[in-house]
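Remarks on the overall topology
Listed below, chain by chain, are the residues.
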Amino acid sequence: MKILYVISDRNIGGAGIQLLNVLRHLDRHAFAVTVALPFRSRLRERLIELRVPVRELETPCEVLTRRSVCELVSVIRSEAPDIVHTNAAIAARVAGRLCGCRVVFTRHCAYPAAANATPLCARIANRLLTDRAIATAAAAARDLLAMGVPSGAITVILNGSDPVREVSADELDRWRSRLRLEPDDFCVGICARLEPCKGHDVFLRAAKIALGRMPQRHFRFLVIGEGSRRAALERFAVSEGLSDAVRFTGFVSDVAPLYRLLRLHVSASRGTETSCLAVSEAMSAGVPELVSDYGGNREMIGASRAGMVLPVGDPSALADAICQIASDRALEDAMRLAARDRYRRFFTAERMTQQLMAVYRGMR
């Protein structure tokens, strides 16, 4: 069976990382794959390293235009896939249907119900353009239903990740030197694009509260990632007197050393989050989670002790949780064990890929 993946990522975002995780575990004997992606996408080199054929697109595939559809029709006809699997690339769904291919659509985002008021014509289009839909959390499945995708066509598959690699003591020391950290610092991190929906402002406000409540604790707050809000967040940190406690790392291609430095990981999202890869990666390293009660975050933690689910946009509640764990080593150790266990049971890339291959096989 041949699969053509179409992805709109120009940088390496969550959808791109998820695709790489799938391709590392996909049975290449049973499934031949090609990936179509934007010209000069940063994802291209990662795909070539995995020996995956790529087709570069000149026209944005996330925009539905005659040119984008025609280009993808040409790619599909030359590749002759059985299935076109896409994410945000609406043009690929149209092109796949025009070429007589089966179409799989993954929904990575979750929005409040009011944001999913889909016009009747769009609901009909979503029904006609989707053979199977993958929802990366139950919240994403609700969005798909509101968009007109039939419930029988939806499969929930939580995002999975490969475990964070082990890191030597020497490498950790080099990162501590780079970030001006001491071995006894209690590092709390947020690993996400620096965009409004990710709640970095909540994280920084919670940092200030925690520092005020436990001045004797050597807290350090790591903001891992890059995005349009970086300059504004750096200014905010300075204005709040957080310059000494907060470290902005920028984009880091290999985040394993940073996860290994963390005592807590935070997902403060107020929008779009389904099954956050940063959460599963941190859990694989045994890092306890503090997550906002948005989208799929609660689903990721479940009833386990792997983390705590907190109100959306509440820096005081986040600071309370940080201080509670920072003052109770037994609680932290129990949460670390629970985090590793929950990752192994539910969030491995291999488990995710096995579920996805079952969907493909069911479409023969």
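The text that follows walks through the structure, step by step, so that each part is easy to find. (Residues numbered from 1 in each chain as written. Predicted model: local features only at pLDDT ≥ 70, side-chain atom pairs only at ≥ 80, totals over all residues. Heavy atoms only, no water.)

The next subject is the overall build of the protein chain. Counting its secondary structure elements, the protein chain contains 15 helices and 13 strands. Taken over the C-alpha trace, the protein chain has a radius of gyration of 21 Å; the compact-globule value for 364 residues is 21 Å, and the two agree within 12%. By principal-axis analysis of the C-alpha atoms, the protein chain measures approximately 65 × 45 × 40 Å. Within the protein chain, counting contacts between residues at least 6 apart in sequence, those at least 24 apart form 68% of the total. Here the protein chain displays about 15,600 Å² of accessible surface, and carbon together with sulfur accounts for 52% of that area. Across the protein chain, 51 positive and 39 negative side-chain charges occur, with their mean positions spaced 5 Å apart. (Helix = DSSP H or I, 4+ residues; strand = E, 2+ residues; numbered from the N terminus. Rg over C-alpha atoms; globule rule 2.2 N^0.38 Å. Contact = heavy atoms within 4.5 Å. Areas by Shrake-Rupley, 256 points an atom, 1.4 Å probe, with all protein chains shown as cover. Lys, Arg positive; Asp, Glu negative; His and termini not counted. Charge placed at Lys NZ, Arg CZ, Asp CG, Glu CD.)

With that settled, consider the packing of helix H11 (residues 277–284) against helix H14 (residues 329–346). Two numbers describe how H11 lies on H14: the axes approach to 7 Å, and their chain directions differ by 120 degrees. Considered as vectors, H11 and H14 are oriented oblique to each other. Both H11 and H14 take part in a crossing whose hand is left-handed. Here H11 contributes Ser280, Met283 and Ser284 to the contact with H14, which in turn contributes Ala339, Arg340, Arg342 and Tyr343. Along the lines of polarity and charge, the residues of the contact of H11 with H14 split into 3 nonpolar, 2 polar and 2 charged. (Axes fitted to C-alpha atoms, helices over the stretch in contact; angles between N-to-C directions. Parallel < 35°, antiparallel > 145°, perpendicular 65-115°, else oblique. Left-handed = near helix turned anticlockwise from the far one by under 90°. Nonpolar A, V, L, I, M, F, W, Y, C, P; charged D, E, K, R; others polar.)

Reading across the sheet, the 7 strands line up as E3-E2-E1-E4-E5-E6-E7 and stay open at both edges, with parallel pairing between neighbours. Each edge of the open sheet carries a strand with a single partner, namely strand E3 (54–57) and strand E7 (154–156). Pairwise comparison of adjacent strand axes, ignoring direction, gives a mean angle of 20 degrees for this sheet. Inspection of the sheet shows strand E1 (residues 2–6) paired to strand E4 (residues 83–86) by 4 bridges, in the parallel sense. What sits directly across from Val6, in E4, is Thr86. Strands E1, strand E2 (32–38), E3 and E4 of the sheet are contacted by helix H3 (residues 66–79), whose axis makes an angle of about 165 degrees with E3. (Pairing = 2+ DSSP bridges.)

Glancing now at the pairing of strand E10 (residues 246–250). Of all the 5 residues making up E10, 5 are buried; the element is thus mostly covered by neighbouring parts of the structure. A two-sided burial pattern is seen for E10, the buried positions comprising Val246, Phe248 and Gly250 on one face and Arg247 and Thr249 on the other. Where strand E9 (residues 219–224) lies against E10, 4 bridges are found, and the strand directions are parallel. Among the inter-strand pairings, Ile224 is bridged to a residue of E10, identified as Gly250. With helix H9 (residues 230–239) bridging E9 and the parallel E10, this β-α-β connection has right-handed handedness. (Buried < 20%, exposed > 50% of the residue type's maximum accessible area, 1.4 Å probe, protein only. Right-handed = clockwise from strand over helix to strand, strands pointing away.)

Here we take up the layout of surface pockets. Roughly 210 Å³ of internal volume is contained in the second largest pocket. Arg260, Leu261, Leu262, Arg263 and Arg336 are the residues nearest the centre of the second largest pocket, which is lined by 14 residues in total. Mapped onto the lining of the second largest pocket, the elements with two or more residues apiece are helix H10 (256–261) and H14. In terms of residue count, the dominant contributor to the lining of the second largest pocket is H10 (3 residues). When its residues are assigned to classes, the lining of the second largest pocket shows 7 nonpolar, no polar and 7 charged. (1 Å grid on protein atoms, 1.4 Å probe; cavity = no way out; pocket = protein on both sides within 12 Å on 5 of 7 lines; lining within 4 Å. Points joined across faces, edges and corners; volume = space filled by probe spheres on them.)

In this section: the side chain of Arg263. Positionally, Arg263 belongs in the loop between H10 and strand E11 (264–267). Within polar-contact distance, the side chain of Arg263 engages the side chain of Glu332 at 2.7 Å. In this structure Arg263 touches Asp185, Phe186, Cys187, Arg217, Val287, Pro288, Arg329, Glu332 and Arg336, once residues within four positions along its chain are discounted. (Polar contact = N/O pair within 3.5 Å; in protein donor to acceptor, adjacent residues only side chain to side chain.)

Turning to helix H4 (residues 90–98), a few remarks are in order. Those residues of H4 lying buried are Ala91, Ala92, Arg93, Val94, Ala95 and Gly96. Residues of H4 that are buried in the fold lie against E1, H3, E4, strand E5 (102–107) and helix H5 (120–128). Count one or two residues on from H4 and you reach Gly100, which has phi positive near 80 degrees.

Moving on to a nonpolar patch on the surface. Nonpolar side chains collect at one region of the surface, where Leu120, Ile124 and Leu128 lie side by side and expose about 310 Å² of accessible area between them. Topologically, Leu128 is positioned in helix H5. (Patch = residues over 30% accessible without salt bridge, like charges linked within 9 Å, V, L, I, M, F, W, Y side chains within 5 Å. Salt bridge = Lys/Arg side-chain N within 4 Å of Asp/Glu carboxyl O.)

Moving on, we come to the nonpolar core. Grouped burial of nonpolar side chains is what soluble globular proteins tend to show. With 35 residues, the main nonpolar core has Val188, Phe219, Phe221, Leu290 and Ile322 as its most contacted residues. If you tally residues by element for this core, the top one is helix H13 (residues 315–326), at 7 residues. Counting residues in hydrophobic clusters, the runner-up holds 34 residues, among them Leu258, Leu261, Ala282 and Val287. (Core = buried A, V, L, I, M, F, W, Y, C linked by side-chain atoms within 4.5 Å.)

Before going further, it helps to spend a moment on the pairing of E3. A regular strand carries its side chains on alternate faces of the sheet. As judged from the 4 bridges shared by E2 and E3, these two strands associate in the parallel manner. Considered in E3, the bridge of Pro38 is made with Leu57.

Our next topic: empty space enclosed by the protein. According to the stated counting rule, one finds 3 cavities of 30 Å³ or more in the structure shown. Taken as a whole, the largest cavity spans an internal volume of roughly 160 Å³. Along its surface, the largest cavity is lined by 14 residues, and Tyr5, Gln18, His85, Thr106 and Leu356 are the ones closest to its centre. Put simply, the parts of the chain that give the lining of the largest cavity at least two residues each are E1, helix H1 (14–25), E4 and helix H15 (349–361). A total of 3 residues in the lining of the largest cavity trace back to one element, the largest contributor, which is H1. Within the lining of the largest cavity, the residues separate by chemical class into 9 nonpolar, 5 polar and no charged. If you add up the space inside the second largest cavity, you get close to 60 Å³. Listed by contribution, the elements that provide at least two residues to the lining of the second largest cavity are E11 and strand E12 (289–292). Classifying every residue of the lining of the second largest cavity by side-chain character gives 8 nonpolar, 3 polar and 1 charged.

Any functional reading would require information that these geometric values do not contain.
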